[in-house]
Amino acid sequence: MEILGLLLEGFAVALEPINLALIVAGCIAGLFIGAMPGLGSVNGVAILLPMTFLVPPTSAIIFLGSLYYGAMYGGAISSIMLGIPGASTAVATTFDGRPMALQGKADRALVAAATASFVGGTISVVLFTLFAPPLADFALAFGPPEEFALLLLAFATFIGLGGDDIPKTFFSIFIGLMFSAVGLDIVSGNPRLIFFDLPGFYHGINFLVLAIGIYGIGEILWTVETTRGEMVVSRAAVTIRGVVRALADLRHNIRSMLMGSFLGYFVGILPAAGATPGSLMAYGVARTMSKNPETYGKGNVDGVVAPESANNAASTGSMLPMLTLGIPGSPTTAILLGGMVIWGLEPGPLLFIEHKEFVWGLIASLYAANLFALLINIAFIPAFLMVLRMPFTILAPVIFILCVVGGYAPTQDMHDVWLMLIFGVMGYLLRKLDYPLAPAVLAIVLGPLAEASVRQSLIMAHGSFGIFFERPISAIIMAIAIGLFAWPLFIAIRRRLSPGNAD
């Protein structure tokens, strides 16, 4: 009852006219920032942070929290409509969202993404409200060995993305891991894989550069070849009846939404994890759980709702360690943490006691922001569908320009633009040779996290790999991951030994 009373007080703060206006403004701004390739919530919050000094700290965090939510929704728009991830958190949405748009189901994909984001956001905020302190303590139990085990489990779930061609899937993962290792060694600081001694490789390969190259430039090249000059852009209309029908059809995808919501929230509360690994892991788990895994990557609605529910849940989850422990759960919350320090607020357990109005006003605003983001997103669907009505001769140059801007924006270095073009050609060739692209994207995201956690673990254990099996949580997760890795081998052996395959 005490929590309910505090939450009601928070709603009284969040629904004040100025805060309500900031929630709506933050959702709209976040929607368009998230939809712009190369921007995303990190850049959006960083750019608009100075503006928040004009309002009280509570109103400031409400605005930035709403912007964060809006960006999580908006990232799916360009992923679905153009095949370009609006942000790293929306890369997994591209896998099935873009094929749905090309099949004339863009309205269904957009409704599915918005609804899944709403479900993920709602579940995560409820969990945040009820279990903030215990979950923060549980997250602290995850040291480097547990984090590595969890990341290995993510790779294990993605082995299925290659279908029956496991060797090609492993090749794709190894390529991604190689690119993730480019830059400076995290322990010694020595340069490694600095191709042709180009100085641009010293800062590593930005994940968005790879993602935009593969799914933006690569998509253009693939479309030009497959259509052979007869470029027919898919037509999609939106009606109230169609939106209602799309919402009704989502009852078949509730399991994937719930899985993505809980998994995303759990991954989000782990320090330095964030929404991108959460969405990719949710996609892999959804495919592993599916009765028809071969439909993934070809326009399966579950492939949209799982990552979208996960990235929204993770965005809320990442705020939990920031508020309760002072540890940012994602790059965006690291910027929010900096804002809190500037506002004179010290994150930690005492924040819930000394600044109740601030904390519970923020939590209540997340409920409101989640609802407004859903309504605004669905209301703008007709505008988004106008993109599909553009002739391809106009759309292709627009996509190309957005890709160039998205490749340049993160580091403002032309080296990344040229790299993005090279990745686009590589993505096109890999797709032509029927290599799965998703595992490579997963590897370049999780590679640096996995390397850091495994090296920290080995330093703790003086070089012994036994540390991953001596701690209960990591041992259980490692056992599951190894089992998933071994499963395709078991299936292959069973097929070979079956009577029907006997020589």
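The rules we used
Residues numbered from 1 in each chain as written. Predicted model: local features only at pLDDT ≥ 70, side-chain atom pairs only at ≥ 80, totals over all residues. Heavy atoms only, no water. Helix = DSSP H or I, 4+ residues; strand = E, 2+ residues; numbered from the N terminus. Buried < 20%, exposed > 50% of the residue type's maximum accessible area, 1.4 Å probe, protein only. Contact = heavy atoms within 4.5 Å. Areas by Shrake-Rupley, 256 points an atom, 1.4 Å probe, with all protein chains shown as cover. Expected span 1.5 Å × (residues − 1). Salt bridge = Lys/Arg side-chain N within 4 Å of Asp/Glu carboxyl O. Phe/Tyr/Trp six-rings, centres within 6.5 Å; stacked < 30°, edge-to-face > 60°. Lys NZ or Arg CZ within 6 Å of the ring centre and 35° of its normal.

Chemist: Could you give me a rundown of the overall build of the protein chain, with the residues and numbers involved?
Modeler: Within the protein chain, the regular secondary structure consists of 23 helices and two strands. Across the 503 residues of the protein chain, 56% fall into the buried class. Once local pairs closer than 6 in sequence are excluded, the contacts in the protein chain between residues at least 24 apart make up 78%. For the protein chain, the exposed area adds up to about 21,000 Å²; of that, 70% sits on carbon and sulfur atoms.

Chemist: A description of the side chain of Ser117 should follow, citing residues and the corresponding values.
Modeler: Tracing the sequence through the fold places Ser117 in helix H6 (residues 106-140). Among the residues examined, Ser117 registers a relative accessible area of 0% and is labelled buried. Among residues more than four places away in sequence, those in contact with Ser117 are Tyr73, Glu308, Ser309, Asn312 and Asn370.

Chemist: Tell me about helix H11 (residues 254-269), residues and numbers included.
Modeler: A rise of 1.5 Å per residue sets the reference length of H11, with its 16 residues, at 22 Å; its end C-alpha atoms lie 23 Å apart and thus fit the reference within 8%. All buried positions along H11 are accounted for by Ser256, Met257, Met259, Gly260, Ser261, Leu263, Gly264, Tyr265, Val267, Gly268 and Ile269.

Chemist: Which residues make up the pattern of salt bridges, and what values go with them?
Modeler: Evaluation of the coordinates by the stated rule reveals five salt bridges. Among the salt bridges present, the one from Asp185 reaches Arg455, with a minimum N-O distance of 2.9 Å. Within this pair, whereas Asp185 is found in the loop between strand S1 (183-184) and strand S2 (191-192), its partner Arg455 is found in helix H21 (residues 438-460), the two being separated by 270 residues in sequence. According to the relative accessible area criterion, Arg455 is partly exposed, its value standing at 25%. Between Glu451 and Arg192 there is a salt bridge, with its nearest N and O atoms 2.7 Å apart. Of this pair, Glu451 sits in helix H21 while Arg192 sits in strand S2; the two residues are 259 residues apart in sequence, bridging distant segments of the chain.

Chemist: Hey, could you go over the packing of aromatic side chains for me, with residue numbers and the actual values?
Modeler: Remark: the centre distance and the inter-plane angle together describe each pair of aromatic rings, the angle taken between the planes. This structure, assessed with the given rule, holds nine aromatic pairs. For the pair Phe11 and Tyr367, a centre-to-centre distance of 5.7 Å together with 45 degrees between the ring planes defines the contact as tilted. Placement of Phe11 in helix H1 (residues 2-14) and of Tyr367 in helix H17 (residues 356-379) is noted, with a sequence separation of 356 residues between them. Since its relative accessible area comes to 25%, Phe11 is described here as partly exposed. Among the residues examined, Tyr367 registers a relative accessible area of 21% and is labelled partly exposed. Taking the centre distance of 5.0 Å and the plane angle of 75 degrees together, the rings of Phe95 and Tyr283 count as edge-to-face. Placement of the pair is Phe95 in helix H5 (residues 91-102) and Tyr283 in helix H12 (residues 275-289), with a sequence separation of 188 residues. Judged by its relative accessible area of 8%, Phe95 is buried. Site record: aromatic cluster; members linked through ring pairs are Phe95, Tyr283 and Tyr296. If you follow Lys168 out to its NZ or CZ, it ends over the ring of Tyr435, 5.0 Å from the centre.

That is the geometry; function is a separate question.
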